[in-house]
Amino acid sequence: MNCDFRTDFPIFSKYPEMVYLDNAATTQKPRQVNEAVTRFYEEANANPLRGVYDLSVKATEAYESAREKVANLIGAKDASEIIFTRNTTEALNLIAYSYGLSHLHEGDEIVITIMEHHSNILPWQMVARQTGAKLVYMMIDKEGRISPEEIETKITDRTKIVSIGYVSNVMGVLNPVEAVIKKAHSVGAIAIVDGAQSTPHMKVDVTELDCDFYALSGHKMLAPMGIGALYGKMKLLLEMPPFLTGGEMIEYVEQQSATFAEVPHKFEAGTVNAGGAVGLGAAIDYINSIGLDYIEKREAELVKYMIERMGELPYIEIIGGSKPCDHHGIVTFMVKDVHPHDVASILDEQHVCIRAGHHCAQPLLKFLGVNATDRASVYFYNTEEEIDRFIDALTKVRGYLGYGA
Ligand code: PMP
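Every value quoted in this text rests on a predicted model; they were computed, and no experiment measured them.

### Concerning the site of the ligand
Move 1: Around the ligand lies a shell formed by Asn-87, Thr-88, Thr-89, His-117, Ser-119, Asn-169, Asp-194, Ala-196, Gln-197, Ser-217, His-219 and Lys-220.
Move 2: Contact distances for the ligand include 2.5 Å between an oxygen atom and a side-chain N or O atom of Thr-89.
Move 3: A distance of 3.3 Å separates a nitrogen atom of the ligand from a polar atom in the side chain of His-117.
Move 4: Within the complex, 87% of the 390 Å² of free accessible area of the ligand lies under protein.
Move 5: Among the detected pockets, the ligand sits in the largest pocket.
Move 6: Its residues placed into classes, the shell around the ligand shows one nonpolar, nine polar and two charged.

### Side note on the sheet that holds strand S15 (residues 373-377)
Move 1: A sheet is described by the order of its strands in space; here four strands give the open sequence S11-S12-S15-S14, paired in antiparallel fashion. Edge positions in the sheet fall to strand S11 (316-319) and strand S14 (355-357), since each has one partner strand and no second. Between one strand and the next, the sheet's axes are offset by a mean angle of 35°, whatever the strand orientation.
Move 2: With four bridges joining them, S11 and strand S12 (residues 330-335) adopt antiparallel strand pairing. Counterpart to Ile-318 in the pairing with S12 is Phe-333.
Move 3: The sheet strands contacting helix H11 (residues 292-310) are S11, S12 and S15, and the helix crosses S12 at an angle near 15°.
Move 4: Of the strands in this sheet, S11, S12 and S15 touch helix H14 (residues 384-400), which is tilted by about 20° from S12.

### What to know about the pairing of strand S7 (residues 213-217)
Move 1: The buried fraction of S7 amounts to five of the five residues, a majority that puts the element mostly inside the structure.
Move 2: Residue alternation in S7 divides its side chains into two sets, Phe-213, Ala-215 and Ser-217 and Tyr-214 and Leu-216, and both sets are buried.
Move 3: In this structure, strand S6 (residues 190-194) lies alongside S7, joined through three bridges in parallel fashion. Within S7, the residue paired with Asp-194 across the bridge is Ala-215.

### A word on the layout of surface pockets
Move 1: Roughly 420 Å³ of internal volume is contained in the largest pocket.
Move 2: Along the wall of the largest pocket there are 26 residues; nearest its centre are His-117, Asn-169, Gln-197, Lys-220 and Cys-360.
Move 3: Elements supplying a minimum of two residues to the lining of the largest pocket: helix H4 (88-103) and S14.
Move 4: Here the lining of the largest pocket is composed, by residue class, of six nonpolar, 15 polar and five charged.
Move 5: Shared between two domains, the lining of the largest pocket holds at least three residues of each, these being domain 1 (5-21 + 291-400) and domain 2 (33-288).

### Structural notes on the pattern of salt bridges
Move 1: For the structure on display, the rule yields 24 salt bridges.
Move 2: As a salt-bridge pair, Arg-6 and Glu-386 come within 3.0 Å of each other at their nearest N and O atoms. On the criterion of sequence distance, the pair formed by Arg-6 in the segment before helix H1 (10-14) and Glu-386 in helix H14 is long-range, its members being 380 residues apart.
Move 3: Lys-304 is the salt-bridge partner of Glu-308, the closest N and O atoms lying 3.1 Å from each other. Here Glu-308 and its partner Lys-304 are both found in helix H11, four residues apart, which amounts to about one turn of the helix.
Move 4: With relative accessibility at 45%, the residue Glu-308 sits in the partly exposed group.
Move 5: Bridged by salt links that share partners, the residues Lys-297, Arg-298, Glu-301 and Glu-384 form one connected network.

### Quick notes on the domain arrangement of the chain
Move 1: Its domain assignment divides the chain into domain 1 (5-21 + 291-400) and domain 2 (33-288).
Move 2: The centre of domain 1, based on its C-alpha atoms, is set 28 Å off from the matching centre of domain 2.
Move 3: In this assembly, 35 residues from domain 1 lie in contact with 32 residues from domain 2.
Move 4: With a closest N to O distance of 3.2 Å, Lys-203 and Asp-293 form a salt bridge.
Move 5: The tally of links between domain 1 and domain 2 comes to 18 residue pairs in polar contact (both at pLDDT 80 or more).

### Points about the sheet that holds strand S2 (residues 82-85)
Move 1: Ordered by their spatial adjacency, seven strands build an open sheet running S2-S8-S7-S6-S5-S3-S4, and the pairing between neighbours is mixed. Both outer strands of the open sheet, S2 and strand S4 (134-138), are each paired with one neighbouring strand and no more. Ignoring which end each strand starts from, the neighbouring axes of this sheet average 20° apart.

### Brief notes about empty space enclosed by the protein
Move 1: Across all of its chains, the model carries one cavity of 30 Å³ or more by this definition.
Move 2: In this model, the largest cavity occupies a volume close to 30 Å³.
Move 3: Every residue along the wall of the largest cavity is listed here: Asn-23, Ala-24, Gln-197, His-201, His-328, Gly-329, Ile-330, Ser-377 and Val-378.
Move 4: Per-class residue counts for the lining of the largest cavity are three nonpolar, six polar and no charged.

### Let's talk about the packing of aromatic side chains
Move 1: Under the counting rule described, the total for this entry stands at 15 aromatic pairs.
Move 2: On the basis of an interplanar angle of 75° and a centroid distance of 5.1 Å, the ring pair of Phe-5 and Phe-380 is categorised as edge-to-face. With a gap of 375 residues between them, Phe-5 in the segment before H1 and Phe-380 in the loop between S15 and H14 connect regions that are remote in the sequence. For the pair Phe-5 and Phe-380, one class covers both residues: buried.
Move 3: Taken together through their ring pairs, the aromatic side chains of Phe-5, Phe-9, Phe-12, Tyr-286, Tyr-294, Tyr-379, Phe-380 and Tyr-381 make up a single cluster.
Move 4: The side chain of Arg-6 reaches across the aromatic face of Phe-12, ending 4.2 Å from its centre.

Conventions used here
- Residues numbered from 1 in each chain as written.
- Predicted model: local features only at pLDDT ≥ 70, side-chain atom pairs only at ≥ 80, totals over all residues.
- Heavy atoms only, no water.
- Near = heavy atom within 4 Å.
- Polar contact = N/O pair within 3.5 Å; in protein donor to acceptor, adjacent residues only side chain to side chain.
- Areas by Shrake-Rupley, 256 points an atom, 1.4 Å probe, with all protein chains shown as cover.
- 1 Å grid on protein atoms, 1.4 Å probe; cavity = no way out; pocket = protein on both sides within 12 Å on 5 of 7 lines; lining within 4 Å.
- Sits in = over half its atoms within 2 Å of the grid points.
- Nonpolar A, V, L, I, M, F, W, Y, C, P; charged D, E, K, R; others polar.
- Pairing = 2+ DSSP bridges.
- Helix = DSSP H or I, 4+ residues; strand = E, 2+ residues; numbered from the N terminus.
- Axes fitted to C-alpha atoms, helices over the stretch in contact; angles between N-to-C directions.
- Contact = heavy atoms within 4.5 Å.
- Buried < 20%, exposed > 50% of the residue type's maximum accessible area, 1.4 Å probe, protein only.
- Points joined across faces, edges and corners; volume = space filled by probe spheres on them.
- Domains from an automatic or database assignment.
- Salt bridge = Lys/Arg side-chain N within 4 Å of Asp/Glu carboxyl O.
- Phe/Tyr/Trp six-rings, centres within 6.5 Å; stacked < 30°, edge-to-face > 60°.
- Lys NZ or Arg CZ within 6 Å of the ring centre and 35° of its normal.

Here is the structure:
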């Protein structure tokens, strides 16, 4: 297989020994993205959206061109429906504070799933606390699936917001978002998709999905940290109050009142992360140059290989679905008798980076009856050789701690 693009990632030549399998937490950055950010600061740096001079216009163009790229990537019809945020967390909080607090009342319900990341739980707990609405959970089976009955019975006439992760950051399972969105709309609720773990790995079309909001994080898809995006249907964005207030997001300010800028600027208060947005634009160009079809196929091959090889080790239990296709880039597991943090530390001694802990999904882990797990997650630049190194390192874990194979 051609993995020429590995040379685009300076970190891999800096640490040739390293096997990086924590891509669900954040991905590595290609030179093309780093250079685009540097180029922005060296050749176009000015405060975008403020000045009328040439350099500021250049900065504004670079920033707005990144917005177009995000819109094209996720199939938004109008780039104005893309709001830059710091990350998925901020995007979901924006919806909660702006839409949630202004639309929900006592007796209303917000429906999420038990497998959500804390970023898609805590904002809704806040809305529920402040409005008297109730937070309702759709439960899953052992394989991580939400049944059609669960969708049918939990989303009711009381439901006003449904928010669901497209791909779980723990189970790796792809959720039935189309069915959830359809059901939400049938009861007059809005549907939000947490796209943190889907956008980097598969084709997404928000228009086809017909979701009302879609959140993503740049750093999980080759872009710098500190830049993310929220897609929202224009109809909703127009009627929503601002989330943060201050500079940039206004039209006129009087002593006691203000009118706000047009969407999307209404939601982008203060000086924006233009360098980050340019980096995200460059990351999207890079992803498009490889192709999401290729990325999805390659990751499926890598996960299949990983699961097959893990199957050779009888003391490993994989959490979630039994088939490789149940795991979208993410394999969460336990090593019998060994604490997940010890597993990750022993792997680290062998230069293998995996994640151990609750993965910001404590309600899910409680539901699964564990305090912590290990998680290996791939991106298209990983190789079978790296997976062999991971397996090799795993075979040493129990021996290090004095257990038999
Ligand atoms: N949702 C999911 C499914 C995630 O995996 C993550 C990141 N682990 C987040 C939300 C939050 O992303 P961020 O920290 O970039 O805001």
